[in-house]
Amino acid sequence: MKPRRLTADFPFVGAFDALRGDLPGAPLAWVQDARRDALARFQDEALPSRRVEAWKYTDLRALAATEFDVPAATVSEPLRTRAAAIGADSAPRLVIANGRFDPALSRLDSLPAGASLLPMSAALDSHGDLLKEHLAHALDGDGLAALNAAFMMDGYVLVVDAGVRVDPVIEVVFVNDAEKPAALHPRNVVVMGEGAHAVVAETHFGDGVYWSNPVTDVALGQGASLHHYKTQTESAAAFHLAQARIALAGGARYQGFLATTGARLSRHTVRARIDGAGAACHLAGAYLVGAGQHCDIATDIDHAAGGSASRQVFKGVLDGDGHGVFQGKVAVARDAQKTDAHQLNNALLLSDAAEIDAKPELEIYADDVKCSHGATAGDLDENELFYLQARGIGAAEARRLLVSAFVKAALEEIPEDHRGRFEPLVDGWLEVPHG
């Protein structure tokens, strides 16, 4: 299949001038200028190909061959019902349905003073000066980020003032429903002041053929703390290409966890820059990949300040002809002495056709550091299977127990009171054949 450039040949790209009046921030001249600059950048770069080292293992030709259009105005009632059931009854919740803020399903009035949760469409009016810097980052990224900036749709904007603690989990739901192939480009921004704290849980799901291309910018002030949890169970026919960019000031703490089981093709890119001493970035996750699926996790942590720490632990299970990719890079600057960085990816292959590509990297310019990386891949231990079966456990149940224990070891990387969010997802995946 010959790669196809996503240019004006695609309905939603070619209709840019007609569409931009209905996108967030339409009356704002600086937003329109930013959109045009981003579109020009995208038309120069198009989609990344496998000739780009960071995309060596992930082929976007199927994406490029799909003629995506603008999404429908609404989603189905079953999907709305599912979105409305997410989170505690009194917890703050923001729902983005087909790229648009859904006020009927959202609950934004349960945050403490000094914390604001808004859809991007409203935040451009109320927090425009704050958002300008973050939206300009599109020109620092690849063609996917530029496309997101050009066609930026609703996402969430969370602003937490210095010293403010948000205790309830903030639920953000992205639900998509496509009768015809549709492209969605949510844009999210999180800005937390000195000593602020919050927990954000993102949920992504939907029906039909669609492409979700979200970009998230996170800026943590001195001593701020963010727990950021994401569940991706997109349609089996969907494409999910997500990017998160994180900046940590001194003493800040970022903890991210990803659980991904959905989408025909998914990629999750996290780029973190540690700019202050004593900051820490902790990334963990579980990827469960079945027949016909491709999942790519790419991380890049830049230790630009000394005395900082990072930890990455990912567990993957692959069945059928599922294909997984883990690319993890840690860079330590010359002045970033006393850096402590750990990176590990373990993959469990349940079939002969399953495949994993792992490329852990360390790039160290300092000499007083403690850094490690590693990757393993293999099948179930026959001795462990025999041990369980010798005690009366059937072969299928023995396999399920061992796989469950393997995956749930990743959940030990997050606080116990948040593990319940992900355990049913793992259990449900294991109950269904994926070969």
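Look above for the structure.
So, here's what we can say about the structure. The numbering scheme is per chain: residues are counted from 1 as the chain's sequence reads. Selection of residues for local features in this predicted model requires a pLDDT of at least 70, selection of side-chain atom pairs for listing and counting requires 80 or more, and totals for whole chains, interfaces and linings are taken over all residues. The basis for every side-chain value is the complete set of heavy atoms in the structure, and neither hydrogens nor water enter the calculation.

Observations regarding the overall build of the protein chain
Thought 1: Looking only at helices and strands, the protein chain features 12 helices and 19 strands.
Thought 2: Taken over the C-alpha trace, the protein chain has a radius of gyration of 21 Å; the compact-globule value for 435 residues is 22 Å, and the two agree within 12%.
Thought 3: By principal-axis analysis of the C-alpha atoms, the protein chain measures approximately 70 × 50 × 50 Å.
Thought 4: Within the protein chain, the proportion of its 435 residues that are buried is 56%.
Thought 5: Two residues qualify as a contact provided that any one of their heavy atoms is within 4.5 Å of a heavy atom in the partner residue. Look at the contacts in the protein chain between residues 6 or more apart in sequence, and 84% of them connect residues 24 or more apart.
Thought 6: Surface accessibility follows the Shrake-Rupley procedure with a 1.4 Å probe radius. Residue values consider only the protein chains on display as shielding. Working note: accessible area of the protein chain is about 17200 Å², and carbon and sulfur atoms make up 50% of it. Numbering of helices and strands runs from the N terminus, with a helix taken as a DSSP run of H or I at least four residues long and a strand as a DSSP run of E at least two residues long. Here the radius of gyration uses the C-alpha set of atoms, whereas the globule reference equals 2.2 Å times the residue count to the power 0.38. Exposed residues in this analysis have more than 50% of their type's maximum accessible area, buried residues have under 20%, and partly exposed residues fall in between, with area computed by a 1.4 Å probe over protein chains only.

A short note on the nonpolar core
Thought 1: By size, the foremost hydrophobic cluster in this structure holds 45 residues, and its most contacted members are Met 192, Leu 220, Leu 226, Leu 248, Tyr 254 and Tyr 287.
Thought 2: Ranked by the residues each element gives to this core, the list is headed by strand S13 (residues 280–289), at 4 residues.
Thought 3: Excluding its chain neighbours within four sequence positions, the residues that come into contact with Leu 248 are Leu 220, Arg 253, Tyr 254, Ala 272, Arg 273, Ile 274, Asp 275, Gly 276, Ala 279, Ala 280 and Cys 281.
Thought 4: The term nonpolar core refers to a set of buried residues drawn from Ala, Val, Leu, Ile, Met, Phe, Trp, Tyr and Cys, joined through side-chain atoms within 4.5 Å. The next biggest cluster of nonpolar side chains, apart from the first, holds 30 residues, and it includes Phe 12, Trp 55, Phe 68 and Leu 144.

Thoughts on empty space enclosed by the protein
Thought 1: Of the grid points, spaced at 1 Å and generated over the protein atoms alone, those admitting a 1.4 Å probe that cannot get out make up cavities, while open sets with protein on both sides within 12 Å along at least five of seven lines make up pockets; any residue with an atom within 4 Å of a point is treated as lining. Grid points are joined across faces, edges and corners, and a volume is the space filled by probe spheres set on the points. For the coordinates displayed, the defined rule picks out 2 cavities of 30 Å³ or more.
Thought 2: Taken as a whole, the largest cavity holds about 300 Å³ of empty space.
Thought 3: As for the largest cavity, its lining consists of 23 residues, and the residues nearest its centre are Lys 230, Ala 244, Tyr 254, Leu 258 and Val 270.
Thought 4: If you tally residues by element for the lining of the largest cavity, the top one is strand S11 (residues 253–260), at 4 residues.
Thought 5: Under the grouping applied here, Gly and all other residues not named as nonpolar or charged are polar, the nonpolar ones being Ala, Val, Leu, Ile, Met, Phe, Trp, Tyr, Cys and Pro and the charged ones Asp, Glu, Lys and Arg. Per-class residue counts for the lining of the largest cavity are 12 nonpolar, 9 polar and 2 charged.
Thought 6: The calculated volume of the second largest cavity comes to roughly 40 Å³.
Thought 7: Every residue along the wall of the second largest cavity is listed here: Ile 96, Gly 99, Phe 174, Val 175, Asn 176, Leu 184, Pro 186 and Ser 212.
Thought 8: Tallying contributions element by element places strand S5 (residues 170–184) first for the lining of the second largest cavity, with 4 residues.

Description of unusual backbone geometry
Thought 1: With phi around 55 degrees, Ala 46 is a residue other than glycine that occupies positive phi space.
Thought 2: For Ala 46, the location among the structural elements is in the loop between helix H3 (29–45) and helix H4 (61–64).
Thought 3: Non-glycine residue Ala 263 carries a positive phi angle of around 80 degrees.
Thought 4: Along the polypeptide, Ala 263 turns up in the loop between S11 and strand S12 (265–274).

Quick look at a negative patch on the surface
Thought 1: Like charges within 9 Å and nonpolar side chains (Val, Leu, Ile, Met, Phe, Trp, Tyr) within 5 Å are joined into patches, using only residues over 30% in relative accessible area that form no salt bridge. Any Lys or Arg side-chain nitrogen located within 4 Å of an Asp or Glu carboxyl oxygen qualifies as a salt bridge. None of His or the chain ends enter the tally, which takes Lys and Arg as positive and Asp and Glu as negative. By convention, charge coordinates are those of NZ in Lys, CZ in Arg, CG in Asp, or CD in Glu. On the surface, Asp 352, Asp 379, Asp 381, Glu 382 and Glu 384 cluster together into a patch of negative charge.
Thought 2: Turning to its location among the elements, Asp 379 is positioned in the loop between strand S19 (370–378) and helix H9 (382–390).
Thought 3: Its relative accessible area of 58% is what places Asp 379 among the exposed residues.

Focus on the packing of helix H10 (residues 395–408) against helix H12 (residues 423–430)
Thought 1: Contact pair H10 / H12: the axes reach a minimum separation of 11 Å and the direction vectors enclose 150 degrees. On the basis of the axis angle, H10 is roughly antiparallel to H12. For the pair H10 and H12, the sense of crossing is right-handed. Contact residues: Arg 400, Val 403, Ser 404, Val 407 and Lys 408 in H10; Glu 423, Val 426, Asp 427 and Leu 430 in H12.
Thought 2: Each residue belonging to the contact of H10 with H12 can be placed in one class, and the counts come to 4 nonpolar, 1 polar and 4 charged. Here the axes come from fitting lines to C-alpha atoms, over the contacting stretch only for helices, and the angles between their N-to-C directions go from 0 to 180 degrees. To sort the angles, those under 35 degrees are grouped as roughly parallel, those over 145 as roughly antiparallel, those from 65 to 115 as roughly perpendicular, and the leftovers as oblique. It is the rotation of the near helix from the far one that decides the hand of a crossing: anticlockwise by less than a right angle makes it left-handed, clockwise makes it right-handed.

Section: the side chain of His 418
Thought 1: Structurally, His 418 can be placed in helix H11 (residues 416–419).
Thought 2: Judged by its relative accessible area of 13%, His 418 is buried.
Thought 3: Ignoring sequence-local partners within four residues, the contact set of His 418 consists of Val 169, Val 199 and Tyr 229.

A look at the packing of H3 against helix H8 (residues 143–150)
Thought 1: Running from amino to carboxyl end, H3 crosses H8 at an angle of 150 degrees, the nearest separation of the two axes being 8 Å. What the angle tells us is that H3 and H8 run roughly antiparallel. Between H3 and H8 the crossing geometry is left-handed. On the side of H3, the interface is formed by Arg 35, Ala 38, Leu 39, Arg 41, Phe 42 and Glu 45, while H8 contributes Gly 143, Ala 146, Leu 147, Ala 149 and Ala 150.
Thought 2: Class assignment for the residues of the contact of H3 with H8 results in 7 nonpolar, 1 polar and 3 charged.

Some remarks on the environment of Ala 115
Thought 1: Considering the arrangement of structural elements, one finds Ala 115 in strand S3 (residues 115–119).
Thought 2: Given a relative accessible area of 12%, Ala 115 falls into the buried group.

Things to note about the environment of Ala 84
Thought 1: Assignment of secondary structure puts Ala 84 in helix H5 (residues 77–84).
Thought 2: Of the residues examined, Ala 84 reaches a relative accessible area of 34% and is grouped as partly exposed.
Thought 3: Residues Ala 84 and Val 95, 11 residues apart in the sequence, show an inter-C-alpha distance of 8.5 Å.
Thought 4: Apart from the residues within four sequence positions on either side, Ala 84 is in contact with Arg 93 and Leu 105.

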